[in-house]
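So the chains spell out like this:
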Amino acid sequence: MNLKRLIFEGEGVKLDFKKTITSCEKIARTMVSYANNKGGKLLIGVADDGTIKGVKSEDEERYMITKAAHFYARPALEPIFEEVYIDDKLVLVVDIEESVTKPHYALAEDGKWWVYVRVKDKSVLASKIVVDVLKRSSGDEGVLIEYSNNEKALLEYLEKTDRITIKECCDLLKIGRKKAQKLLVDLILSGIIRINTTEKEEFYTAA
């Protein structure tokens, strides 16, 4: 593993730098977002700007990460640790693999459990639709799509305008939010539409 090259590429969907672990809640959020996504690595002992600071107490960092993975993530996660020396400084590499038991929840400071996903280099709160997609994509049952007028109208709309939000979907089809969510989840799972999450909004496009 060429750690220097990884650091040079900077933080992203599958990479996060931490100078040190200060909060189980925060680190659980990142680990959960990796497990709910395609996996990722945490580099402990590296500052946000990519400066290699090294880990002062490797045991302490391991303890915090393991505690966060076991007690602040649900279902629990199993981080894989690796120690890498760069210029005589120890960087602790923590690997979180993509999970087969999605969604994972992280315990927040408010005492509630929330689902997080990775958007660029941030761990963001998952919408109800994303949570449903994660729940159902880890199950075995296939999706049976019945092409009703609603599905047809939605796909025709996407052909013309490229994108739609849940509110626009409710307005277009004159249905409630719950029904719109179910329709979108079915279409996402069957690969017909794609979910796009940014830090500010979520919208859907044809796949």
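For the structure, see preceding data.
Bear in mind the structure is a predicted one, so any value in this text is a computation, not a measurement.

1. Observations concerning the pairing of strand β8 (residues 122–125)
A regular strand places its side chains on the two faces of the sheet in alternate fashion. Of the strand pairs in this sheet, strand β7 (residues 113–119) and β8 are connected by four bridges, and their pairing is antiparallel. Bridging across to β8, Arg 118 finds its partner in Ser 123. Hairpin connection of β7 to β8: two residues between the antiparallel strands, including Lys 120 at a positive phi of 50 degrees.

2. What about the pattern of salt bridges?
Opposite charge on two side chains allows them to pair when their charged atoms are near. Within the structure shown, the criterion is met by 15 salt bridges. Measuring nitrogen to oxygen at the nearest pair gives 3.0 Å for the salt bridge that ties Lys 128 to Asp 132. Here Lys 128 pairs with Asp 132, and both are found in helix α4 (residues 128–137), just four residues apart, close to one helical turn. The network of salt bridges with common partners includes Asp 16, Lys 18 and Arg 118.

3. Considerations on the packing of helix α2 (residues 24–36) against helix α3 (residues 58–71)
Two elements in contact, α2 and α3, have axes whose closest approach is 9 Å; the angle formed by their N-to-C orientations is 65 degrees. Classified by the interaxial angle, the pair formed by α2 and α3 is roughly perpendicular. In the crossing of α2 with α3, the sense of the turn from one axis to the other is right-handed. Together, Cys 24, Ile 27, Ala 28 and Met 31 of α2 and Met 64, Ile 65, Lys 67, Ala 68 and Ala 69 of α3 make up the contact between the two elements. Class assignment of the residues belonging to the contact of α2 with α3 gives a composition of eight nonpolar, no polar and one charged.

4. Examining the side chain of Gln 181
Relative to the helices and strands, Gln 181 resides in helix α7 (residues 177–189). We classify Gln 181 as buried; its relative accessible area is 11%. Once you skip the residues sitting within four places of it in the chain, Gln 181 turns out to touch Lys 128, Ile 129 and Ile 166.

5. Overview of the sheet that holds strand β11 (residues 202–206)
Spatially, the three strands line up as an open sheet ordered β9-β11-β10, and their pairing is antiparallel. Sheet topology places β9 (163–164) and β10 (193–197) at the edges, where each strand pairs with a single neighbour. As paired elements, β10 and β11 share five bridges and run antiparallel to each other. Counted as the bridge partner of Ile 193 is Ala 206 from β11.

6. Some points on the sheet that holds strand β5 (residues 89–96)
Spatially, β1-β2-β5-β4 is the arrangement adopted by the four strands of the open sheet, whose pairing is mixed. Looking along the sheet, the strands with just one partner apiece sit at the ends: β1 (15–18) and β4 (80–86). The average undirected angle you get between the axes of adjacent strands in this sheet is 25 degrees. For β4 and β5, the ladder comprises seven bridges, and the chain directions are antiparallel. Bridge pairing links Tyr 85 to Leu 90 in β5. Strands in contact with α2 are β1, β2 (40–44) and β5; relative to β2, the strand with the most contacts, it is inclined by about 155 degrees. The strands that α3 touches are β2, β4 and β5; relative to β5, the one it contacts most, it runs at about 15 degrees.

7. Concerning unusual backbone geometry
Here Arg 74 and Pro 75 are connected by a cis peptide whose omega angle stands at -10 degrees. Residue Pro 103 follows Lys 102 across a cis peptide bond; omega there is -5 degrees. Within the fold, Pro 103 resides in the loop between β5 and β6 (105–107). Phi angles above zero are rare outside glycine, and Asp 162 is one such case at about 75 degrees. In this structure, Lys 174 is a non-glycine residue whose phi angle is positive, near 55 degrees. Given a relative accessible area of 73%, Lys 174 falls into the exposed group.

8. A look at the state of the cysteines
One pass over the full model with this rule turns up zero disulfides. Between Cys 169, a free cysteine, and Cys 170, which holds the nearest cysteine sulfur, the sulfur-to-sulfur gap is 5.9 Å.

Conventions we followed
Residues numbered from 1 in each chain as written. Predicted model: local features only at pLDDT ≥ 70, side-chain atom pairs only at ≥ 80, totals over all residues. Heavy atoms only, no water. Pairing = 2+ DSSP bridges. Helix = DSSP H or I, 4+ residues; strand = E, 2+ residues; numbered from the N terminus. Salt bridge = Lys/Arg side-chain N within 4 Å of Asp/Glu carboxyl O. Axes fitted to C-alpha atoms, helices over the stretch in contact; angles between N-to-C directions. Parallel < 35°, antiparallel > 145°, perpendicular 65-115°, else oblique. Left-handed = near helix turned anticlockwise from the far one by under 90°. Contact = heavy atoms within 4.5 Å. Nonpolar A, V, L, I, M, F, W, Y, C, P; charged D, E, K, R; others polar. Buried < 20%, exposed > 50% of the residue type's maximum accessible area, 1.4 Å probe, protein only. Disulfide = S-S within 2.5 Å.

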